[in-house]
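# A structural walkthrough
Take a look at the letters that make up each chain.
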Amino acid sequence: MPKLADNRKRLGLALGGAVLAVTAVTGTAHASVADHGAPHEAAQHTSQQQARSLTYGLDLSHYEALYDWSSSSAQFGIIKATEGTDFVDSSFARHWRELGNKGIVRGAYHFGHPANDPIADANHFLTTVNAQPAKPGDLLVLDLETTDGKSVAEVNAWAKAWLSYVEQQTGVKPLFYSGWNFANTYGHGLSQYPLWVAHYSRAKGAVTPPADWKTWTIHQYTDTPVDQNVSALTPDQLRALGRRSA
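What you see is a predicted model; the values in this text were computed from it and never measured.

## Structural notes on the overall build of the protein
What the protein contains, in helices and strands, is seven helices and nine strands. The buried share of the protein, taken over its 246 residues, is 53%. A total of about 9700 Å² of accessible surface is found on the protein, and carbon and sulfur atoms cover 51% of it.

See the structure below:
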């Protein structure tokens, strides 16, 4: 679910935590370079945390349109569905179908643009996802990592409006995805939504939650060769965060 708009998914946001305004509508979930290596974040783990089992998963978009899910070791997959108010990822339908065939936990994410009306963004996402076959446990995700030139208060209010609306329409609390620094700046007051955080300078699972979150749900720990993640939850626990019925 955390990336820049279509200048290429590997491009980072400006160093030092500054946010690059995005104007294109082809972004993918990919947090900034600064988020991946925030030096001020402590990542102390107890021996119990280090020993716990982590669930492995991937997030993909049209950049990996032909990825072979059938041979993948991933236990969950989250894929890009939409961006803004009119962009639909060209590989969404295929990835969704393949994940359904494999039977692992699956999710869909929306790359949000605070310059747009949050309800229009949310409706575009829901219309696209609802057009595909659903299964109990399907996850819904907001990927937010650009300000579009808006203030901290405006971005925060936008995120709250999008997340609240999707929850009202589906009965499911969406996950919130962003880079660590971005979430720490713009994510206050969103701790009721499960956190998917990108931080590439931390070993998988060795990340502390930003802002108001007390725990993290998914940690995106690298984008090499594709975006790789671990969850602190089991597959069944992840499914419990998703849709209640098809």
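## What about the packing of aromatic side chains?
The tally for this structure, following the rule as stated, stands at seven aromatic pairs. With a centroid separation of 6.5 Å and 80° between ring planes, the pair formed by Y109 and W196 is classed as edge-to-face. Taken as a pair, Y109 in strand β4 (residues 105–111) and W196 in strand β7 (residues 195–198) lie far apart in primary sequence, 87 residues in all. Exposure class is identical for Y109 and W196. Each is buried. Grouping aromatic residues by their ring pairs yields a cluster made of Y109, Y177 and W196. The ring centre of Y193 lies 5.4 Å from the NZ or CZ of K173, which sits over that ring.

## Details of helix α4 (residues 118–130)
Between its first and last C-alpha, α4 extends 18 Å over 13 residues, near the 18 Å set by a 1.5 Å rise per residue. Those residues of α4 lying buried are P118, D121, A122, H124, F125, L126, T128 and V129. Buried residues along α4 sit in contact with β2 (76–83), β3 (87–88), α3 (92–102), β4, β5 (139–143) and α5 (152–170). Structurally, the start of α4 carries an N-cap: the backbone nitrogen of I119 is 3.0 Å from a side-chain oxygen of D117.

## Thoughts on the packing of α4 against α5
Relative orientation and spacing of two packed helices are given, respectively, by the angle between their axes and the distance between those axes. Between α4 and α5, the shortest axis-to-axis distance is 9 Å and the interhelical angle comes to 40°. The angle between α4 and α5 places the two elements in the oblique class. Judged by the sense of rotation from one axis to the other, the crossing of α4 with α5 is right-handed. Two secondary-structure elements touch here, α4 through P118, I119, D121, A122, N123, F125 and L126 and α5 through W158, A161, W162, Y165, V166, Q169 and T170. In the contact of α4 with α5, the residues fall into ten nonpolar, three polar and one charged.

Quick notes on the rules
Residues numbered from 1 in each chain as written. Predicted model: local features only at pLDDT ≥ 70, side-chain atom pairs only at ≥ 80, totals over all residues. Heavy atoms only, no water. Helix = DSSP H or I, 4+ residues; strand = E, 2+ residues; numbered from the N terminus. Buried < 20%, exposed > 50% of the residue type's maximum accessible area, 1.4 Å probe, protein only. Areas by Shrake-Rupley, 256 points an atom, 1.4 Å probe, with all protein chains shown as cover. Phe/Tyr/Trp six-rings, centres within 6.5 Å; stacked < 30°, edge-to-face > 60°. Lys NZ or Arg CZ within 6 Å of the ring centre and 35° of its normal. Expected span 1.5 Å × (residues − 1). Contact = heavy atoms within 4.5 Å. Polar contact = N/O pair within 3.5 Å; in protein donor to acceptor, adjacent residues only side chain to side chain. Axes fitted to C-alpha atoms, helices over the stretch in contact; angles between N-to-C directions. Parallel < 35°, antiparallel > 145°, perpendicular 65-115°, else oblique. Left-handed = near helix turned anticlockwise from the far one by under 90°. Nonpolar A, V, L, I, M, F, W, Y, C, P; charged D, E, K, R; others polar.

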